[in-house]
2 protein chains.
Amino acid sequence: MTRPVRKDALRNYQRLLETAEHAFTAHGTHAPLEQIARDAGVGIGTLYRHFPNRDALLAALLQERWIDQAALAEKLHEEDGDPVEALRTWLTAVARGTLLYRDLPDACLRLMSDPESEMHRAWKQVRDGGDRLLERARRVGGVRSDVTTVEMFALVHGAIAALHKSAAHHPGTVSDASRMIDLLIDGIAAPTAPRHPST
Amino acid sequence: MTRPVRKDALRNYQRLLETAEHAFTAHGTHAPLEQIARDAGVGIGTLYRHFPNRDALLAALLQERWIDQAALAEKLHEEDGDPVEALRTWLTAVARGTLLYRDLPDACLRLMSDPESEMHRAWKQVRDGGDRLLERARRVGGVRSDVTTVEMFALVHGAIAALHKSAAHHPGTVSDASRMIDLLIDGIAAPTAPRHPST
DNA sequence: TTGCGATCCGGAGGGTTCCTCCGTATCGTA
DNA sequence: TACGATACGGAGGAACCCTCCGGATCGCAA
């Protein structure tokens, strides 16, 4: 059997998480890890023992939120409302989640597409939730048939990232996020070959 | 009057540009500048005298392409074909231009939105070209009325960036670029307020 | 309570990249 | 050819990443 974690280790782990949350919020996902360790009252070595790299730290912070996103998809799926509206609601929530820290969208895309990541299980749940919502919307003809959950995520995260980067010199643009999402949804929702509406 | 540039300076300038082009193509926009200087057979100080930072180097490489993009917009505008198709053609060309180096979309967004950038004049030309194409498409009702050229650029560059980042672990996805563009265009082309037409 | 492994901590230090600074070398004109 | 203007080179400081291991701390067992 394996011993329980020593309580100083646990305390440091939690302090690091809290401090990292603040640092990422204030300075984006590239906030210096040495600063985080210092602010947590801990040596840099301790940080690296608990979190072997920046992504591991980010992953620990995001895990919970991703599971929440999967749960929201499940809830929307069961509520049985308008499928396209459900998709819109969900993607908006996803977008809001990725607005948390500067450069978070980049990190999310990295974590998502890395099969070695510890986030892969959580990401799989999110993707499954998205698949269900997408599939339902597709059945009522509300969504073009060739779009995937992964692509939706790429587009949403890409749009948010672009927003962040443009906003660096034109602050205030972040509120445009929902308009971008609308635009994306309309693209996703459009019939597959919309500009020659033959059929 | 001001003296002409010394010919050794000119030679080094051109060598640096060529070498940077290769390095960025091979290793993305974050290729080490010291390596570029070395490969160009030049000291690091010389690189920094010609190009005060990475963006200046990138700008020198992109300037010409951006002007080409503006010219393409002008050409499409004058050819007087289907306005939405013209927009699609143009955005596809823009997207292809940003696929050149890894992480180029991020750099483009940065250069675009920085009014201090030396790229600002070229970017203005590109934006004007986009505005004209967009306006024409809007007049025939082929495009929602609330989308701007800047937003189109953000969406396209964001999508390409996301593609690049996802492709890091799933190579080959880059060919999906044109499908993403289609999806975006369909969103841009959708009617303005499709589901809540309330004023 | 004390002793002693097992566990965990801290931060020095090596590596990478950025960018600056200034003594030295080269250029091109007079 | 000589000299001022111009450009070069690379040492070095700063920021950040991450590793490594001697030493401190914890917590069970006696």
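Our structure's up above, just so we're on the same page.
For clarity, every value in this text was computed on a predicted model and none was experimentally measured.

Conventions adopted
Residues numbered from 1 in each chain as written. Chains lettered and ligands numbered in written order. Predicted model: local features only at pLDDT ≥ 70, side-chain atom pairs only at ≥ 80, totals over all residues. Heavy atoms only, no water. Near = heavy atom within 4 Å. Polar contact = N/O pair within 3.5 Å; in protein donor to acceptor, adjacent residues only side chain to side chain. Helix = DSSP H or I, 4+ residues; strand = E, 2+ residues; numbered from the N terminus. Nonpolar A, V, L, I, M, F, W, Y, C, P; charged D, E, K, R; others polar. Buried < 20%, exposed > 50% of the residue type's maximum accessible area, 1.4 Å probe, protein only. Expected span 1.5 Å × (residues − 1). Bend = angle between axes of the 7 residues up to and from the residue. 1 Å grid on protein atoms, 1.4 Å probe; cavity = no way out; pocket = protein on both sides within 12 Å on 5 of 7 lines; lining within 4 Å. Points joined across faces, edges and corners; volume = space filled by probe spheres on them.

Peer 1: What is the right way to read the protein's contact with DNA strand C from this model?
Peer 2: Neighbouring DNA strand C are 21 residues, the closest being A:Arg6, A:Asn12, A:Gly45, A:Arg49 and B:Arg54. Sugar plus phosphate, as a fraction of atoms of DNA strand C within 4 Å of the protein: 59%. Here a phosphate oxygen of DNA strand C and a backbone polar atom of A:Gly43 are 2.9 Å apart. One of the side-chain nitrogen or oxygen atoms of A:Thr46 is found 2.9 Å away from a phosphate oxygen of DNA strand C.

Peer 1: Explain the protein's contact with DNA strand D to me, please; I cannot follow it from the model alone.
Peer 2: Around DNA strand D sit 21 residues, and of these A:Arg54, B:Arg6, B:Asn12, B:Gly45 and B:Arg49 come closest. Sugar plus phosphate: this is where 61% of the atoms of DNA strand D within 4 Å of the protein reside. B:Asn12 is positioned such that a nitrogen or oxygen atom in its side chain is 2.4 Å from a phosphate oxygen of DNA strand D. Take B:Arg49: an N or O atom from its side chain is 2.3 Å from a phosphate oxygen of DNA strand D. Put simply, the parts of the chain that give the surface near DNA strand D at least two residues each are α1 (7-27), α2 (33-39) and α3 (44-50) of chain A together with α1 (7-27) and α3 (44-50) of chain B. Here the surface near DNA strand D takes five residues from α3(B), the largest share from any one element. Here the residues of the surface near DNA strand D sort into eight nonpolar, five polar and eight charged.

Peer 1: Even after reading the chapter, I still don't get the environment of A:Asp182, so can you show me in this structure?
Peer 2: Residue and element names in this part refer to chain A. Among the secondary structure elements, Asp182 is positioned in helix α9 (residues 177-189). A relative accessible area of 22% places Asp182 in the partly exposed class. On a C-alpha basis, the gap between Asp182 and Arg88 in space is 7.5 Å, while along the polypeptide they are 94 residues apart.

Peer 1: Quick question: what am I supposed to make of helix α4 (residues 54-79) of chain A here?
Peer 2: One turn of an α-helix holds 3.6 residues; hence residues three or four places apart share an orientation. Residues and elements named next belong to chain A. Taking 1.5 Å per residue as the helical rise, α4 with its 26 residues ought to reach 38 Å, and the 38 Å between its terminal C-alpha atoms agrees with that figure. A bend of about 40 degrees at Leu62 is the largest found in α4. Within the sequence span of α4, burial applies to Ala56, Leu57, Leu58, Ala59, Leu61, Leu62, Trp66, Gln69, Ala70, Ala73 and Leu76. At the N-terminal boundary of α4, the capping side chain belongs to Asn53, with an oxygen 3.2 Å from the backbone nitrogen of Asp55. Residue Asp80 follows α4 closely and has a positive phi angle near 65 degrees.

Peer 1: Is there a simple way to think about unusual backbone geometry in this case?
Peer 2: Generally, phi is negative for residues other than glycine and the peptide bonds are trans, each holding for most cases. Residues and elements named next belong to chain A. Positioned with a positive phi, Asp80 is a non-glycine residue whose angle comes to about 65 degrees. Looking at the element boundaries, Asp80 is found in the loop between α4 and α5 (83-98). Backbone geometry at Asp103 places phi at a positive 70 degrees, although glycine is not the residue there. The residue Asp103 is located in the loop between α5 and α6 (104-113) in this model.

Peer 1: Which parts of the structure should I look at to understand empty space enclosed by the protein?
Peer 2: If a probe as big as a water molecule is rolled over the atoms, it shows which places are left empty. Tallied over the entire structure, the rule returns two cavities of 30 Å³ or more. Volume-wise, the largest cavity comes out at about 80 Å³. Lining the largest cavity, in full, are A:Leu62, A:Arg65, A:Trp66, A:Gln69, A:Val94, A:Gly97, A:Thr98, A:Leu100, A:Leu104, A:Cys108, A:Phe153 and A:His157. Only α4, α5, α6 and α8 (149-167) of chain A provide two or more residues apiece to the lining of the largest cavity. By residue number, the principal contributor to the lining of the largest cavity is α4(A), which donates four residues. Taken together, the residues of the lining of the largest cavity sort by class into seven nonpolar, four polar and one charged. In this model, the second largest cavity occupies a volume close to 60 Å³. Lining the second largest cavity are B:Leu62, B:Arg65, B:Trp66, B:Gln69, B:Val94, B:Gly97, B:Thr98, B:Leu104, B:Cys108, B:Phe153 and B:His157. At the level of secondary structure, the elements contributing two or more residues to the lining of the second largest cavity comprise α4 (54-79), α5 (83-98), α6 (104-113) and α8 (149-167) of chain B. Looking at the lining of the second largest cavity element by element, the count peaks at four residues for α4(B). Classifying every residue of the lining of the second largest cavity by side-chain character gives six nonpolar, four polar and one charged.

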